[in-house]
Amino acid sequence: MHPTETKDELLMRLNEIDKWEQEQKDIFFWEKLGRLPFALLDKVTPRFLQDRIGQLIDEIGSYIQTGGKYLVSEKGMLDHLSKHTAEEKNARHDVPSIREAAHLPLAVMDRAADSLAESRSALATVQGATTGFGGIFTLAIDIPALLGLSLKVLQEIAVCYGYDPNDKKERIFIINCLQFSSSDIVGKKAILEKLSAYDAEGRQSVSQLQGWREVVTTYRDNFGWKKLFQMIPIAGMLFGAYFNRGTIRDVAEAGKMLYRKRRILEKLNDAA
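Because the structure is a prediction, the values reported are computed rather than measured.

Parameters and conventions
- Residues numbered from 1 in each chain as written.
- Predicted model: local features only at pLDDT ≥ 70, side-chain atom pairs only at ≥ 80, totals over all residues.
- Heavy atoms only, no water.
- Axes fitted to C-alpha atoms, helices over the stretch in contact; angles between N-to-C directions.
- Helix = DSSP H or I, 4+ residues; strand = E, 2+ residues; numbered from the N terminus.
- Parallel < 35°, antiparallel > 145°, perpendicular 65-115°, else oblique.
- Contact = heavy atoms within 4.5 Å.
- Nonpolar A, V, L, I, M, F, W, Y, C, P; charged D, E, K, R; others polar.
- Buried < 20%, exposed > 50% of the residue type's maximum accessible area, 1.4 Å probe, protein only.
- Core = buried A, V, L, I, M, F, W, Y, C linked by side-chain atoms within 4.5 Å.
- Left-handed = near helix turned anticlockwise from the far one by under 90°.
- Salt bridge = Lys/Arg side-chain N within 4 Å of Asp/Glu carboxyl O.
- 1 Å grid on protein atoms, 1.4 Å probe; cavity = no way out; pocket = protein on both sides within 12 Å on 5 of 7 lines; lining within 4 Å.
- Points joined across faces, edges and corners; volume = space filled by probe spheres on them.

So, the packing of helix α7 (residues 106-132) against helix α8 (residues 139-160)
Then step 1. Axis separation between α7 and α8 bottoms out at 10 Å; the angle between their running directions is 175 degrees. Comparing the axis directions of α7 and α8 gives the class roughly antiparallel. Contacts between α7 and α8 involve M109, A112, A113, L116, R120, L123, A124, Q127 and T131 from the former and I141, D142, A145, L146, L149, K152, V153, E156, I157 and C160 from the latter.
Then step 2. For the contact of α7 with α8, the per-class residue count stands at 13 nonpolar, two polar and four charged.

The following block contains the structure:
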């Protein structure tokens, strides 16, 4: 395994993330317009679907408190990380714990996170096409499934960078990542400012977490165009696959960049 990065290398990686953050603050017109149809279609949305979306608020609350049904396998993730320690001419190195994962080279963390993002995006594509086949009514299945997959990939990326999703305070950070991925320009800026001092302030307590209910609201709004296209089953399949794949890619990218930044800052602090 390569030795840990130099200070200059870490600063260069940090600069790359700063540029990415600046790009995230530019919202496209179509991204904002894409949320409008929900307001128009909300009145004709079946009651059972509205109730199911409402239940997601309780499920996210449960996830923050206990992890609920969304916690990932620590053993499986450590094995995944271990596979990515192997290089062309070197054997893999076993990663025995999340604490040890925090000391891996950044390149290993990035490879593991990128691999997960690709595989989860592929899974989301199949999921979106399958649920899109049934039209508007299968959204009752699709919305919670997509939320669950989003939480799963964020937890997996957390482990890749040496952070433990079994920690309640870490799950708050994960919800912030989820909220960031689906926020508009104002929301993204506010979340970045809040997360910039996340570790410096000893992390946030649950009582300090603001806006996690808005995660579900934003998720609901982002389904506006999808609901519109799912009125035609074939279009629902195609758009469902495209939408779910894009959603998981955005979530994974946000998680990777925000966790990567935390790890780089901690490495720089340790090197000081």
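What follows picks up the thread again.
Focus on the environment of I172
Then step 1. Within the secondary structure, I172 sits in helix α9 (residues 168-181).
Then step 2. Judged by its relative accessible area of 0%, I172 falls in the buried class.

Things to note about the nonpolar core
Then step 1. Core analysis: the largest hydrophobic core is formed by 54 residues, its most contacted members being L81, L151, C160, Y161, L258 and Y259.
Then step 2. Here this core gets ten residues from one element, more than from any other, and that element is α8.
Then step 3. Within the second largest apolar cluster, five residues are counted, among which are L146, L149, F243 and I248.

Let's talk about the packing of helix α5 (residues 74-83) against α7
Then step 1. One can describe the packing of α5 onto α7 by two numbers: an axis separation of 9 Å at closest approach and a directional angle of 120 degrees. The crossing of α5 and α7 is right-handed. Judged by residue contacts, M77, H80 and L81 of α5 engage V108, A112, S115 and L116 from α7.
Then step 2. Counted by class, the contact of α5 with α7 contains five nonpolar, two polar and no charged residues.

Considering the pattern of salt bridges
Then step 1. Summed over the entire model, instances satisfying the criterion amount to 13 salt bridges.
Then step 2. The salt bridge partner of E5 is K267, with a shortest N-O separation of 3.7 Å. With E5 in the segment before α1 (7-24) and K267 in helix α13 (residues 233-271), this residue pair connects regions lying 262 residues apart in the sequence.
Then step 3. For E5, a relative accessible area of 19% translates into the label buried.
Then step 4. Residue K261 pairs with E21 through a salt bridge whose shortest N-O separation is 3.1 Å.

Examining empty space enclosed by the protein
Then step 1. With the rule as written, the count across this model stands at one cavity of 30 Å³ or more.
Then step 2. The computed volume of the largest cavity comes to approximately 40 Å³.
Then step 3. Together, L71, V72, E74, I98, Q155, V159, D164, P165 and N166 line the largest cavity.
Then step 4. Residues that form the lining of the largest cavity fall into these classes: five nonpolar, two polar and two charged.

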